[in-house]
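Below, each chain spelled out in residue letters.
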Amino acid sequence: MTDRDATGGPSDSPHILSDRPAVGEGEEADGDDGDALAGGETSDGTAGDDFHAFWADVVADEIEARGVDDPVVIKGGVSPSGVAHLGNFNEIMRGYFVAEVLRDRGHEVRQVFTSDDKDPLRKIPRKLANADGEIVGLGEVDAGALGRNLGRPYTAIPDPFGERESYAAHFAALLEADADRLDVPVEMVSNTELYADGTFDSVTRTVLSDLDRVREVLSAYQDKVDGEYVPFNPVCAECGKITETVTGVDTESETVEYVCTDMAVGDETIEGCGHEGTATFREGKLPWRLEWPGQWDVLDVDFEPFGKDHAEGSWPSGVDVARNVLGIEPPVPMVYEWFTLNGEPLSSSAGNIVTVPELLDLLEPEVLRYFFALHPKKARDLDVERLDQLVDRFDRFERAYFGEVDDEGLTAFAERAYPFVVGRPEDPPTEKPIRLPYTFAAVLGMVDDPAFRERLARDEGHIPEDASDEAIAAALARVEKARNWAERTENEYDYRLQTALPNVDFDDDVAAALDDLADFVAAGHDGEAIQSEMYETARDHGIEVSDFFSAGYRLFFDDTQGPRLGEFLGELEREYVVERLRREA
RNA sequence: GGGCCGGUAGCUCAGUUAGGGAGAGCGUCCGGCUUUUAACCGGACGGUCGGGGGUUCGAAUCCCUCCCGGCCCGCCA
């Protein structure tokens with residue numbers, strides 16, 4: 001470990017969106033007096049020191065500065081963990097935006113996602129997601145079968161739902177389905193396949209034929225690496241578990257000798273079967289610290305985003321392994337911050353997770369994509385209770401793209417990022433979609449009738465006169481999302497218009513007031529007039545206005561509160577309103 | 001203990017590239033819509049930019065230091 005060599009230096013920091021200087025300096029030439037401020041111009045492609053309003057352009061600059069050949073390969077990775085939650089999507093989406101920016105600059109790009117599915121199942125997950133992405137407990141599946149498969153590769157374990165060829169395939173399919181839902185083209189790559197089809201042969205051969213070099217490099221990062229350490233984990237031919245004890249390597253025949261010993265996982269032990277056997281280089285796997293750089297090598301990876309857990313752990317050793325064992329340059333890295341859900345860390349065991357399908361019930365895909373277009377270095381919170389804030393921010397972002405927001409910074413960001421967020425970089429929308437404010441959409445969601453929704457939206461000025469049917473339908477689609485949101489969070493918009501008469505019991509004066517109001521409505525007045533009349537009627541009958549409103553909410557929503565009632569009643573079918581006010585139906 | 005990343009209004013976040021006015025939305029409060037009832041409009045309130053020091057004519061921004069939070073520094077991934 002003498003030479004922690006000089007080639008590296010600070011530029012190996014994976015925090016490329018934090019470090020100041022980074023990319024090519026040099027051409028400062030005309031920097032002296034005045035000019036500058038040119039921010040708006042955005043020269044064409046050329047990397048360098050132009051300011052970018054969108055972080056993905058900064059990353060793309062860095063990648064281009066390496067002089068990569070097409071296709072540019074962007075990779076991510078995931079362990080099959082039981083549930084494909086939104087955290088996994090951080091990695092997919094971060095890579096995606098960089099991929100799209102590079103495509104926009106004329107590159108051919110492959111975005112691949114490795115499923116680390118040759119890893120052993122180390123403990124039984126507490127939650128799983130079924131094929132529809134719904135989270136279920138272990139009670140729904142054969143948990144015993146999972147227990148019997150501890151220590152085996154995910155690809156060698158049956159699908160707990162009995163649908164796919166393996167646990168790993170089930171999980172990969174979930175992730176792929178979610179990517180489809182967000183219209184993100186990723187190529188899933190099975191790590192097991194990379195071994196099985198020989199793709200990894202060259203890496204395995206290099207590692208196992210130069211053990212001294214590998215040990216020297218790794219020992220700087222791992223205490224357990226000594227003169228005996230062999231970085232290869234064969235699959236036991238007898239019991240199928242991943243083993244950790246290699247007793248000999250034969251580089252001629254390209255095989256290893258192993259003993260199937262116990263594996264410690266935390267406080268638990270996964271028992272080995274004691275079998276002594278021989279495995280080929282394809283019948284096993286490399287440990288992560290070598291496997292990751294190995295993937296860079298065989299997949300020719302140019303860029304890889306990863307969570308901050310890797311930043312100070314396996315990234316530095318990966319760089320070292322790449323250069324000094326495999327003889328390649330590591331990809332451009334990018335550390336992203338994790339986000340929290342409802343203020344707490346994502347945790348499948350604690351149940352604090354949310355899936356893509358769940359969220360797509362609550363908001364449009366472009367809003368979710370927008371969330372991931374925000375700066376990756378900020379730790380964000382996705383608060384389902386206040387999803388309206390996120391949607392509002394998206395709407396504003398969209399308005400900024402169409403030049404309707406007086407905010408230079410936001411507009412610059414929107415001008416570049418919006419076409420990617422809506423997935424149409426080469427064909428950006430020319431007309432702003434009609435967007436109902438999210439909370440207003442939640443109000444409309446209190447009534448099922450589509451005609452009602454449209455009428456009220458029009459009356460409140462959210463739908464232009466000349467809007468096309470398609471545009472209106474698209475706008476009203478948000479109502480269902482907001483409705484689901486209100487139901488899920490049981491918030492202040494979670495009211496439902498009652499189709500049947502609730503169980504009511506009013507004082508005589510209230511009842512009389514309701515009858516009067518019914519007559520007024522029957523005579524034909526608009527919502528505004530009805531709203532006014534409610535105050536008049538209450539006074540005429542000497543009852544508190546609030547009591548009268550409560551009676552109205554009880555009749556129509558079976559609740560004590562609700563939306564602004566007069567306007568609401570004005571949009572409903574008159575006969576229905578009259579009969580309900582008279583407690584007749 | 002060491003390293004890395006983060007900390008801007010009650011909430012969600014811009015702004016830090018390149019030092020110069022502390023901002024937006026939501027919430028709150030007040031007002032408007034002839035009218036206390038969660039949607040619409042206007043206004044106001046609201047911040048020691050985590051604390052302190054330094055550089056500077058000038059610091060949220062650059063430097064130092066401290067505090068807080070997350071991650072890594074065994075194994076695994």
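Residues numbered from 1 in each chain as written. Chains lettered and ligands numbered in written order. Predicted model: local features only at pLDDT ≥ 70, side-chain atom pairs only at ≥ 80, totals over all residues. Heavy atoms only, no water.

A.B. asks: Tell me about the overall build of chain A, and name the residues and values.
C.D. replies: A tally of regular secondary structure across chain A gives 22 helices and 16 strands. Each principal axis of the C-alpha distribution contributes one length, and for chain A these read about 100 × 70 × 35 Å. Buried positions account for 50% of the 585 residues belonging to chain A. Summarising the internal contacts of chain A: among those between residues at least 6 apart in sequence, 71% fall at separations of at least 24. For chain A, the exposed surface amounts to about 27000 Å²; the carbon and sulfur share of it is 44%. (Helix = DSSP H or I, 4+ residues; strand = E, 2+ residues; numbered from the N terminus. Buried < 20%, exposed > 50% of the residue type's maximum accessible area, 1.4 Å probe, protein only. Contact = heavy atoms within 4.5 Å. Areas by Shrake-Rupley, 256 points an atom, 1.4 Å probe, with all protein chains shown as cover.)

A.B. asks: Describe the packing of helix α19 (residues 527-540) against helix α20 (residues 545-557), and please don't skip the residues or the numbers.
C.D. replies: For the pair α19 and α20, the least separation of the axes is 9 Å and the interaxial angle reads 125 degrees. With respect to their mutual orientation, α19 and α20 come out oblique. Helix-helix and strand crossings are classified by hand; for α19 and α20 the assignment is right-handed. On α20, the residues that touch Gln 531, Met 534, Tyr 535, Thr 537 and Ala 538 of α19 are Val 545, Phe 548 and Phe 549. Here the residues of the contact of α19 with α20 are counted per class, giving six nonpolar, two polar and no charged. (Axes fitted to C-alpha atoms, helices over the stretch in contact; angles between N-to-C directions. Parallel < 35°, antiparallel > 145°, perpendicular 65-115°, else oblique. Left-handed = near helix turned anticlockwise from the far one by under 90°. Nonpolar A, V, L, I, M, F, W, Y, C, P; charged D, E, K, R; others polar.)

A.B. asks: Give a detailed account of the environment of Phe 232, specifying residues and quantitative values.
C.D. replies: On the secondary structure map, Phe 232 appears in the loop between α7 (211-218) and β6 (233-234). On the accessibility criterion, Phe 232 (0% relative accessible area) is buried. Counting along the chain gives ten residues from Phe 232 to Ile 242, while the straight-line C-alpha distance between them is 9.8 Å. Discounting chain neighbours no more than four positions away, the residues touching Phe 232 are Thr 204, Leu 208, Val 246, Val 256, Thr 280, Phe 281, Glu 283, Gly 284, Lys 285, Leu 286 and Pro 287.

A.B. asks: Describe the side chain of Asp 383, with residues and values.
C.D. replies: By the element assignment, Asp 383 lies in the loop between β16 (381-382) and α13 (387-401). Residue Asp 383 is classed as buried on the basis of its relative accessible area, which comes to 17%. Within the local environment of Asp 383, its side chain forms a polar contact with the side chain of Arg 386, the two groups lying 3.0 Å apart. (Polar contact = N/O pair within 3.5 Å; in protein donor to acceptor, adjacent residues only side chain to side chain.)

A.B. asks: Got a sec to walk through the environment of Pro 376? Specific residues and values, please.
C.D. replies: Mapped onto the secondary structure, Pro 376 falls in the loop between α12 (365-373) and β16. Pro 376 sits in the buried class, given a relative accessible area of 0%. Linking Pro 376 and Leu 86, residues 290 residues apart in sequence, is a C-alpha distance of 14 Å. With sequence-adjacent residues up to four places away left out, Pro 376 is seen in contact with Leu 17, Trp 55, Arg 94, Met 334, Tyr 336 and Glu 337.

A.B. asks: So, the protein's contact with RNA strand B: which residues are in play, and what are the values?
C.D. replies: Lining the immediate environment of RNA strand B, one finds 53 residues, of which Phe 51, Lys 224, Ser 532, Tyr 535 and Ser 546 sit closest. Restricting the count to atoms of RNA strand B within 4 Å of the protein gives a sugar and phosphate share of 60%. In the model, a base oxygen of RNA strand B is placed 3.5 Å from a nitrogen or oxygen of the Gln 531 main chain. Taking Gly 562, its main chain carries an N or O atom lying 3.2 Å from a phosphate oxygen of RNA strand B. Across the surface near RNA strand B, the residue classes break down as 15 nonpolar, 13 polar and 25 charged. (Near = heavy atom within 4 Å.)

A.B. asks: Give a detailed account of the nonpolar core, specifying residues and quantitative values.
C.D. replies: Core analysis: the biggest nonpolar cluster contains 126 residues, and Phe 54, Leu 86, Phe 89, Phe 97, Leu 382, Phe 397 and Leu 436 have the highest contact counts within it. If one sorts the elements of this core by residue count, helix α2 (residues 86-104) sits on top with ten residues. Once residues lying within four places of it in the same chain are set aside, the contact partners of Leu 436 are Asp 395, Ala 441, Leu 444, Ala 457, His 462, Ile 463, Ala 475, Leu 476, Arg 478 and Val 479. (Core = buried A, V, L, I, M, F, W, Y, C linked by side-chain atoms within 4.5 Å.)

A.B. asks: If you had to explain helix α10 (residues 314-326) to someone new, which residues and values would you point to?
C.D. replies: In this model α10 runs just 16 Å from its N-terminal to its C-terminal C-alpha over 13 residues, more than 12% under the 18 Å that 1.5 Å per residue would give. Counting buried residues along α10, ten of its 13 residues qualify, which places the element largely inside the surrounding structure. Inspection of α10 places Ser 314, Trp 315, Ser 317, Gly 318, Val 319, Asp 320, Val 321, Ala 322, Val 325 and Leu 326 among the buried residues, and these make up the whole buried set. Check the buried side of α10 and you find it contacts α6 (201-209), α7, α8 (288-299), β13 (303-307), α9 (308-311) and β14 (332-336). (Expected span 1.5 Å × (residues − 1).)

A.B. asks: Describe the packing of aromatic side chains, naming the residues involved and giving the relevant values.
C.D. replies: Scanning the model with the defined rule gives 35 aromatic pairs in all. Seen in terms of ring centroids, Phe 339 and Phe 372 are 6.0 Å apart; in terms of plane orientation they differ by 70 degrees. Their pairing is edge-to-face. With Phe 339 in the loop between β14 and β15 (340-341) and Phe 372 in helix α12, the pair connects residues that are 33 residues apart, well separated along the chain. An aromatic cluster of three or more residues is present, and its members are Phe 54, Trp 55, Tyr 96, Phe 97, Tyr 370, Phe 394, Phe 397, Tyr 401, Phe 402, Phe 413, Tyr 418 and Phe 420. Geometry around Trp 338 places Lys 308 over its ring, the cationic atom sitting 5.7 Å from the centre. (Phe/Tyr/Trp six-rings, centres within 6.5 Å; stacked < 30°, edge-to-face > 60°. Lys NZ or Arg CZ within 6 Å of the ring centre and 35° of its normal.)

A.B. asks: Give me unusual backbone geometry: which residues, what numbers.
C.D. replies: Asp 70 connects to Pro 71 through a cis peptide bond whose omega is 0 degrees. Among the secondary structure elements, Pro 71 is positioned in the loop between α1 (55-65) and β1 (72-78). Notably, Asp 183 is not glycine yet its phi reads approximately 60 degrees, a positive angle. Considering the arrangement of structural elements, one finds Asp 183 in the loop between α4 (167-181) and β5 (187-190). Phi is positive for Asp 300, close to 60 degrees, though the residue is something other than glycine. Along the polypeptide, Asp 300 turns up in the loop between α8 and β13.

A.B. asks: Outline the pairing of β14, listing residues and values.
C.D. replies: The side chains of a regular strand alternate, residue by residue, between the two faces of the sheet. Counting buried positions over the five residues of β14 gives five, a clear majority of the element. Because side chains alternate across β14, one face comprises the buried residues Val 332, Met 334 and Tyr 336, and the other comprises Pro 333 and Val 335, equally buried. Where β13 meets β14, five bridges bridge the pair, whose relative direction is parallel. What sits directly across from Phe 306, in β14, is Val 335. (Pairing = 2+ DSSP bridges.)

A.B. asks: Requested: an account of the confidence of the model for chain A, with residues and values cited.
C.D. replies: Per-residue confidence for chain A gives a mean pLDDT of 87, with 93% of residues at or over 70. Here strand β4 (residues 135-137) is the element of chain A with the lowest mean pLDDT, 87, and helix α5 (residues 191-196) is the one with the highest, 97. pLDDT under 50 marks residues 1-10. Its contacts with residues more than four places away, or in other chains, come to eight contacts. Segment residues 20-49 is flagged for pLDDT under 50; beyond a separation of four residues in sequence, or across chains, it makes 14 contacts in the model. (pLDDT = per-residue confidence, 0-100.)

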